[in-house]
Amino acid sequence: PPSGPAHYAARRALWLTPTKVYHSSPPSSSRQRLEQLLNEPGAVNNEQAWKDGIEKVWKGLMNGGRLKRSLPLTLVVNKVIHAGWLRDPDTWPSGAVAPDSDQDPGAD
């Protein structure tokens, strides 16, 4: 279709069409342990959770590695990357707290 909404809809349909069939195997005990750790309340800020497995996954990803076993993307981004980002002094100053909103506080 020509440019415009119809073109976008056609492209979107192609993007959303799976290209491979993935056969999922039962999660390994290490994946189950990591998922349980990541799903604990406050895991992102918890130093023990960091040392118990999140750090190893984060360092592997930051060094260009790949996950040995698949993990839900939401856990990787919302927990692993977030936890590493909070601990990286070049990215996030120690003790800093994010505002509740993306709005500029001086804009009001």
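Above: the structure in question.
Residues numbered from 1 in each chain as written. Predicted model: local features only at pLDDT ≥ 70, side-chain atom pairs only at ≥ 80, totals over all residues. Heavy atoms only, no water.

### Structural notes on the layout of surface pockets
- Approximately 510 Å³ is the volume found for the largest pocket.
- In terms of lining, the largest pocket is formed by 17 residues, of which the most central are Ser30, Leu34, Lys56, Val57 and Lys68.
- Looking at the lining of the largest pocket, the elements with two or more residues in it are helix H2 (29-38) and helix H3 (47-62).
- In terms of residues, the lining of the largest pocket owes the most to one element, H3, which gives six residues. (1 Å grid on protein atoms, 1.4 Å probe; cavity = no way out; pocket = protein on both sides within 12 Å on 5 of 7 lines; lining within 4 Å. Points joined across faces, edges and corners; volume = space filled by probe spheres on them. Helix = DSSP H or I, 4+ residues; strand = E, 2+ residues; numbered from the N terminus.)

### Quick notes on a nonpolar patch on the surface
- Residues Tyr8, Trp15 and Leu16 make up a contiguous nonpolar surface patch of about 390 Å² in total accessible area.
- With respect to the secondary-structure elements, Trp15 resides in helix H1 (residues 5-16).
- The exposure class of Trp15 is exposed, given its relative accessible area of 55%. (Patch = residues over 30% accessible without salt bridge, like charges linked within 9 Å, V, L, I, M, F, W, Y side chains within 5 Å. Areas by Shrake-Rupley, 256 points an atom, 1.4 Å probe, with all protein chains shown as cover. Salt bridge = Lys/Arg side-chain N within 4 Å of Asp/Glu carboxyl O. Buried < 20%, exposed > 50% of the residue type's maximum accessible area, 1.4 Å probe, protein only.)

### With respect to the environment of Asn45
- By the element assignment, Asn45 lies in the loop between H2 and H3.
- Taking C-alpha positions, Asn45 is 7.8 Å from Leu86, a pair spaced 41 residues apart along the chain.

### Describing the nonpolar core
- Formed by 14 residues in total, the largest nonpolar core has its most connected members in Leu34, Leu37, Leu38, Trp50, Ile54, Val80 and Ala83.
- Breaking this core down by element, the ones donating at least two residues are H2, H3 and helix H4 (73-87).
- Looking at this core, the element that brings in the most residues is H3, giving five residues.
- Those residues in contact with Leu34, other than ones at most four positions away along the chain, are Gly53, Ile54, Val57 and Leu71. (Core = buried A, V, L, I, M, F, W, Y, C linked by side-chain atoms within 4.5 Å. Contact = heavy atoms within 4.5 Å.)

Honestly, that's just the spatial picture; any functional story needs more than this.
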